[in-house]
Protein chains: 2
Amino acid sequence: MQAGLDLYPTRGASEQILERSDRVVFGSRELESPYGLQPNQVDSYEKNGFLIFPDFFAPQEVDLFLNEFYRLGRAPEMQEREELIREPDGNVVRSIFNQHKFSDLFDRLSRDHRILDKVTQLLGSPAYIHHGRINIKPANKGKSFPWHSDFETWHAEDGLPNCRVVTGWIMLTSNNEFNGPLYLLPGSHKRFVSCAGKTPEENYKNSLRKQEYGVPSSGTLQKLVAESGVVGAYGPSGTLVFHEGNIMHGSPDNISPWPRINLMFVYNSIENGPVDKPFGAAKPRPEFLRCTDISPLVPLDNTFL
Amino acid sequence: MQAGLDLYPTRGASEQILERSDRVVFGSRELESPYGLQPNQVDSYEKNGFLIFPDFFAPQEVDLFLNEFYRLGRAPEMQEREELIREPDGNVVRSIFNQHKFSDLFDRLSRDHRILDKVTQLLGSPAYIHHGRINIKPANKGKSFPWHSDFETWHAEDGLPNCRVVTGWIMLTSNNEFNGPLYLLPGSHKRFVSCAGKTPEENYKNSLRKQEYGVPSSGTLQKLVAESGVVGAYGPSGTLVFHEGNIMHGSPDNISPWPRINLMFVYNSIENGPVDKPFGAAKPRPEFLRCTDISPLVPLDNTFL
């Protein structure tokens, strides 16, 4: 796809807070599927930029997902792939990207009516997956991750033109106030922080570990927090969360004895596929982070149990 | 004072979880002063190892304390003293030790009937101050501090023979779930984790920044947490907290835009002054961390307002 107007200029000489150009909710407020969102849930997403559904999946389902994650981490065919990321100090698996491409179970999960019907309602179109990820923040030593908007990177480095993207994620372990949970700034998805600093080549090799470009200054963060406060995304394992692509979020380190394991799918509208030349980097990120196949996901009725 | 039997051997070849040898509460359960603790508060301290009094000091009092802290940080006579600790990356004051020795206001605060009557009730004797400290965990970049028992260090490196010591501290800014608060393991004060590893010389020069000796293994921490869970010490500015010297605690980093500033006094029983040869180090720490003047504090009726 060719790039049009850049609605969200970023990675320039100076930082600015811009207003969001896109709607937040592209679809209908009204329930269109038995698995869709109620009007008050859509309103809450519109206003706050996220939705949390505690206990959405049963413990037995979560066990299946966890076991499948561990299986993938050990699978011979995964060992040399760039989708599998290990801890710097050892052999332990830290992340697996695009779990839905290597696992029938995760493929089915990614298209589960219970998730996908909500996603397509918010996006107002069919969706495809920009990328997926399962991530461990290990007990005792998991590191903090700085404040950022995902969409800022996806626009700058991947070429998603519009902010019409939502991340759906499942807590595979409890996310609590002690194990390095996601902190969200409610309503921050309505601002776009145009970040200072030219993107280096192959920035993704560093940014997946510790983001340095696309991070707002402490003064800007303070302004956003003064408007919004901070909310922690907490819940028991099995909790489903949606957060709008542009919501500002970060997470502290994990000094607790509980690992934090989350499974994510980044759902983008099929009308918002990546353009060839990204808006804030010389070259787009590789295919495993920036899927160029925008074929719509076909929803499935799953019975995992 | 000469050392007797070592009730809490630590810094040896291997880690062990020992039972506490000392009582937790040495004084009376019954209210003996209008500023003392109620029986249920004493029971809660005995069981959990801490007490939290939200809004104990008025905002105007907190302002006085904060301003006095800032004044001390700028005071010419403080600039070259070892009691004043700066951030490694600049000139900003991170801690001031023994604030009560340099400030009439903090001296009066340390002896305030409202605090001291509770302390002497818990200790069952008059008290003196082992050391005092005001500490900033700065916004955006404050670092985590590993799990530890204060008493383990005070016994090993300072020579306090018995666990008959309580820290009273005041939140000078809000301590919330986002700004790197203290996490406590309720009930952990009834165990003593005998930690592995011989104390290096002048360990305090490193341990005040990042403790490495006297830190339990992740396996031990997991055991303690399984017994107790974790509690965050949260409250608005002006909150008063007491925590028993041996309670296990740690704190995560502060990625929030809110600095966390706390003022502490370590109250030790005058019957528990430091022995000459500490129990787990070749030489005791310096006087500014280990007060050898055990003259009892004389309580004061203060009106800061």
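Along each chain, residues carry numbers from 1 onward, in the same order as the chain's sequence is written. Whichever chain is written first is A, and whichever ligand is written first is 1; the rest continue in order. Only residues with pLDDT of 70 or above have their local features reported here, since the model is predicted, and side-chain atom pairs are shown and tallied only from 80 upward, although totals for entire chains, interfaces and linings are computed over all residues. Where side-chain values are given, they derive from all heavy atoms of the structure, hydrogens and water being excluded.

**Some remarks on the interface of chain B and chain A**
Note the threshold: The contact rule is simple, with two residues in contact once any of their heavy atoms fall within 4.5 Å. Summed over both partners, the accessible surface that disappears when two parts come together, traced with a 1.4 Å probe, is what is meant by buried area. Polar contacts, as counted here, are pairs of nitrogen or oxygen atoms within 3.5 Å of one another; within protein the pair requires one atom able to donate a hydrogen and one able to accept it, and residues that are adjacent in sequence qualify only if both atoms are side-chain atoms. Helix numbering and strand numbering both begin at the N terminus, where a helix is a DSSP run of H or I of at least 4 residues and a strand a DSSP run of E of at least 2. Three classes are used, and their members are as follows: Ala, Val, Leu, Ile, Met, Phe, Trp, Tyr, Cys and Pro are nonpolar, Asp, Glu, Lys and Arg are charged, and the others, Gly among them, are polar.
With 22 residues of chain B in contact, the opposing surface of chain A contributes 22 residues. Sorting the residues of chain B by area buried against chain A places Phe178, Ile255 and Pro257 of chain B first, and these three jointly supply 32% of that buried surface. Counting across the interface, chain B meets chain A through nine residue pairs in polar contact (both at pLDDT 80 or more). Those elements that place two or more of their residues in the side of chain B that touches chain A are strand 6 (145-149), helix 8 (218-228), strand 10 (231-232) and strand 12 (248-251) of chain B. If you tally residues by element for the side of chain B that touches chain A, the top one is helix 8 of chain B, at four residues. The residue makeup of the side of chain B that touches chain A, split by class, is 13 nonpolar, seven polar and two charged.

**Things to note about helix 6 (residues 150-158) of chain B**
Residue and element names in this part refer to chain B. Put simply, the test is: Classification of residues uses two cut-offs on accessible area relative to the type maximum, computed with a 1.4 Å probe and protein chains only: under 20% is buried, over 50% is exposed, and between them is partly exposed.
The buried count for helix 6 comes to nine of nine residues, which makes it a mostly enclosed element. Those residues of helix 6 that sit buried are Asp150, Phe151, Glu152, Thr153, Trp154, His155, Ala156, Glu157 and Asp158. Phi for Gly159, located one or two positions after helix 6, is positive at around 85°.

**A look at the confidence of the model for chain A**
As a general rule, the predicted coordinates of low-pLDDT regions are not to be interpreted in detail. Defined as follows: On a range of 0 to 100, pLDDT expresses the predictor's confidence in each residue.
The share of residues in chain A with pLDDT of 70 or more is 99%, and the mean pLDDT across the chain is 95. Across the interfaces of the predicted complex, the ipTM metric reaches 0.87, alongside a pTM of 0.91.

**Some points on the relation of the copies chain B and chain A**
So the rule is basically this: Least-squares superposition of the copies uses the C-alpha atoms of those residues scoring a pLDDT of at least 70 in each of them.
Under the fitted operation, chain B is carried onto chain A by 0.0 Å of movement along the axis and a turn of 180°, and the coordinates agree to an RMSD of 0.0 Å. In symmetry terms, the pair is related by a two-fold rotation axis. Of all interface residues in chain B, 100% are interface residues in chain A too; the two copies therefore contact each other through one and the same surface.

**Considerations on empty space enclosed by the protein**
Residue and element names in this part refer to chain B. Rule in force here: The pocket and cavity definitions rest on a 1 Å grid over protein atoms only: a 1.4 Å probe that fits but cannot leave marks a cavity, an open set with protein on both sides within 12 Å along at least five of seven lines marks a pocket, and residues lining either have an atom within 4 Å of a point. Grid points are joined across faces, edges and corners, and a volume is the space filled by probe spheres set on the points.
The final tally for this structure, using the stated rule, is four cavities of 30 Å³ or more. If you add up the space inside the largest cavity, you get close to 50 Å³. Residue lining of the largest cavity: His148, Ser149, Glu152, Ser188, Arg191, Phe192, Val193, Cys195, Gly214, Pro216, Asn246 and Met248, and that is the complete set. Those elements that place two or more of their residues in the lining of the largest cavity are strand 6 and strand 9 (191-194). Broken down by element, the lining of the largest cavity gets its largest block of residues, three residues, from strand 9. When grouped by side-chain class, the residues that make up the lining of the largest cavity number five nonpolar, five polar and two charged.

**Looking at helix 5 (residues 113-123) of chain A**
Residues and elements named next belong to chain A. For helix 5, the buried fraction is high: ten of the eleven residues fall into the buried class. The distance from a side-chain oxygen at the start of helix 5 to the backbone nitrogen of Arg114 is 2.8 Å, and the residue carrying that oxygen is Asp112. Looking one or two places after helix 5, you find Gly124, whose phi comes out positive at around 65°.

**Regarding the sheet that holds strand 12 (residues 248-251) of chain A**
Residue and element names in this part refer to chain A. Put simply, the test is: Pairs of strands are assigned from DSSP output, requiring at least two bridges between the strands.
Spatial ordering of the open sheet is given by 6-12-8-10, a layout of four strands whose pairing is antiparallel. If you trace the sheet from one side to the other, it starts and ends with strand 6 (145-149) and strand 10 (231-232), each paired once. Sheet analysis places strand 8 (residues 183-184) next to strand 12, joined by two bridges and oriented antiparallel. Paired with Leu184 across the bridge in strand 12 is His249.

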